[in-house]
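Inside the fold
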Amino acid sequence: MTDDPIVSVRNLKKHYPITEGILSRQVGAAKAVDGISFDIAEGETLGLVGESGCGKSTAASSIIRLEDPTDGEVIFNGGGRQGRTRNSDGTHPNDITKFQDEELKAFRRDAQMIFQDPSSSLDPRMTVGSSVAEMLLVHGMTDKQRRREIVEDLLERVGLSADYYDRYPHEFSGGQKQRIAMARALVLNPEFIVADEPVSALDVSIRAEILSLLNDIQEEFGLSMLFISHDMSVIREVCDRVAVMYLGEIVEIGDTEDVFSDPQHPYTEALLSAIPTPDPTVDRKNIELKGTVPSPISPPSGCRFHTRCHRVIQSDEYDLEQEHWRALLTFRDRVRGGEVDPDSIRTALSGEERDPSDVTDETVKSELRTEFDLPERISDADAESTLETALDALAEGRFDDATETLSTFSTPCEKEEPGETDHGDGHLSSCLRNQSEVRAEPAPADD
Ligand SMILES: Nc1ncnc2c1ncn2[C@@H]1O[C@H](COP(=O)(O)OP(=O)(O)OP(=O)(O)O)[C@@H](O)[C@H]1O
């Protein structure tokens, strides 16, 4: 027995090639998972949370080898593999990304997955008992009666009845099907389970029951679990630790209580602010995450979250309200992307009776300020003057001039990739703001 984590993920990447033309020439890659690392200790549940499209499911299927990762290691120390050390060439004998044949088959017994849609793991033409028992048969249990006994027992342990053995999936509700899928995942007595959004397809009224069953089962079977969800409140119910994922990367990881009570990354803060609080006296500001996760084909430079971050760092030259700084950068990016069209504003404002050219430049500029949450006057005189120059250029149709003028607004967050800051007890975050705070406040002397 050693203290090795049951799973160690190191710099895991999964890039999907983007191809073009009849020869399928590769023109780029979707970096769905782009260098994630974490450990899961024995008996622990680690949550992986983030918005749709941030790479959670790709991470799950790469970790369990449903897909072959592009790079990185997944070291699995379960199934009697504890205590093994690296080979002389630096590879690890427990790296599942290199497993073949027998080793892979053994891993497929030791690690199981529970999916969002329970129907996906149940064959509609097979009785649910046979579906679960099939796993035992595939892994060599030829005694039919023994298989039936094991499955009947398991159906009861997941809160169903042994009598359900001979029924078909269509006879069950979504929650019951998820219980059957859990029995199927547990029947080979695995050590590690990956649960990918196991309750998000279920009716809200039964989610709590299934989560509590997962908790009970985890304890009873001594399981380690990777639990994937986009919902912070679900993560809090189930997970000991949580890793927050954004655009293929982990931006914060730590004990669930630490991350919830003292989030260090603005993205985590935004996700937490969306949880409804039952206590009306708690005044928590809802941080609106505008826009969707950018494409993993061309992620933003520097910190990938900077295009949506409410705390994006201001350039030293300016001193203005943070929300106006955010608005200025969003405006800059939209103008740069050719997404701002003063002519359509003129047409919309002129209505059917008036000629669009009658709409004055001042009206167009004011409308643009409203659309982009920019105030009538920005408190910083230099920033205001730059913005006004850019608005003038836009209203006159000089797009290149506007783009160039606005490019004087820049943030360190788009230039520098944030490194990791250690907040103690395994609580880590990757945000430049935290790094500069650490730099600015030297640790107290040890005396
Ligand atoms: N086979 C593929 N080819 C190209 N891109 C892909 C492929 N599979 C996933 N992606 C892209 O990788 C990114 C991550 O997808 P993934 O499904 O892992 O995210 P997710 O966080 O699990 O989201 P969801 O909760 O919606 O499933 C997305 O931008 C997705 O479009």
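The sections below set out a description of the structure shown in this document.

Rules behind the numbers
- Residues numbered from 1 in each chain as written.
- Predicted model: local features only at pLDDT ≥ 70, side-chain atom pairs only at ≥ 80, totals over all residues.
- Heavy atoms only, no water.
- Helix = DSSP H or I, 4+ residues; strand = E, 2+ residues; numbered from the N terminus.
- Buried < 20%, exposed > 50% of the residue type's maximum accessible area, 1.4 Å probe, protein only.
- Contact = heavy atoms within 4.5 Å.
- Areas by Shrake-Rupley, 256 points an atom, 1.4 Å probe, with all protein chains shown as cover.
- Lys, Arg positive; Asp, Glu negative; His and termini not counted.
- Charge placed at Lys NZ, Arg CZ, Asp CG, Glu CD.
- Pairing = 2+ DSSP bridges.
- Axes fitted to C-alpha atoms, helices over the stretch in contact; angles between N-to-C directions.
- Disulfide = S-S within 2.5 Å.
- Core = buried A, V, L, I, M, F, W, Y, C linked by side-chain atoms within 4.5 Å.
- Domains from an automatic or database assignment.
- Near = heavy atom within 4 Å.
- Polar contact = N/O pair within 3.5 Å; in protein donor to acceptor, adjacent residues only side chain to side chain.
- Nonpolar A, V, L, I, M, F, W, Y, C, P; charged D, E, K, R; others polar.

**Some remarks on the overall build of the protein**
Counting its secondary structure elements, the protein contains 15 helices and 11 strands. Taking the principal axes of its C-alpha atoms as reference, the protein extends roughly 85 × 70 × 60 Å. Sorting the 447 residues of the protein into buried and exposed places 48% on the buried side. Taking contacts inside the protein between residues at least 6 apart in sequence as the whole, the part at least 24 apart equals 63%. Accessible surface computed for the protein: about 22,200 Å², of which carbon and sulfur atoms make up 46%. Computed over 46 positive and 88 negative side-chain charges, the inter-centroid distance for the protein is 6 Å.

**Section: the sheet that holds strand β1 (residues 7-20)**
In sheet architecture, strand pairing relies on hydrogen bonds along the backbone and comes in two forms, parallel and antiparallel. Judged by pairing direction, the sheet is antiparallel, and its three strands sit side by side in the order β2-β1-β4 without closing on themselves. Edge positions in the open sheet fall to β2 (25-40) and β4 (71-76), since each of these has one partner strand only. Across this sheet, the average inter-strand angle for adjacent strands is 25°, counted without regard to direction. Pairing between β1 and β4: five bridges, direction antiparallel. Considered in β4, the bridge of Ser8 is made with Ile75.

**Considerations on the state of the cysteines**
If you walk through the whole model with that rule in mind, you get zero disulfides. You can see Cys303 has no disulfide; the closest cysteine sulfur is in Cys413, sitting 6.2 Å from it.

**A look at the nonpolar core**
Judged by nonpolar contacts, the single largest core of 84 residues is most densely connected at Phe227, Leu328, Phe331 and Leu368. The two domains that each donate at least three residues to this core are domain 1 (7-118 + 190-273) and domain 2 (322-410). With near-sequence residues (within four places) excluded, Leu368 lies in contact with Phe331, Val340, Ile345, Leu391 and Leu394.

**A look at the site of the ligand**
As a matter of local geometry, the ligand sits amid Tyr16, Ala30, Ala32, Glu51, Ser52, Gly53, Cys54, Gly55, Lys56, Ser57, Thr58 and Pro296. In this structure, Cys54 approaches the ligand through a main-chain N or O atom, which is 3.1 Å from an oxygen atom. Interatomic distance of 3.0 Å between a side-chain N/O atom of Lys56 and an oxygen atom of the ligand. Notes on the ligand: free accessible area 630 Å², of which the protein chains cover 60%. Elements supplying a minimum of two residues to the shell around the ligand: β2 and α1 (56-63). Considering every element that reaches the shell around the ligand, the biggest residue donor is α1, with three residues. Grouping the amino acids of the shell around the ligand by side-chain chemistry returns five nonpolar, five polar and two charged.

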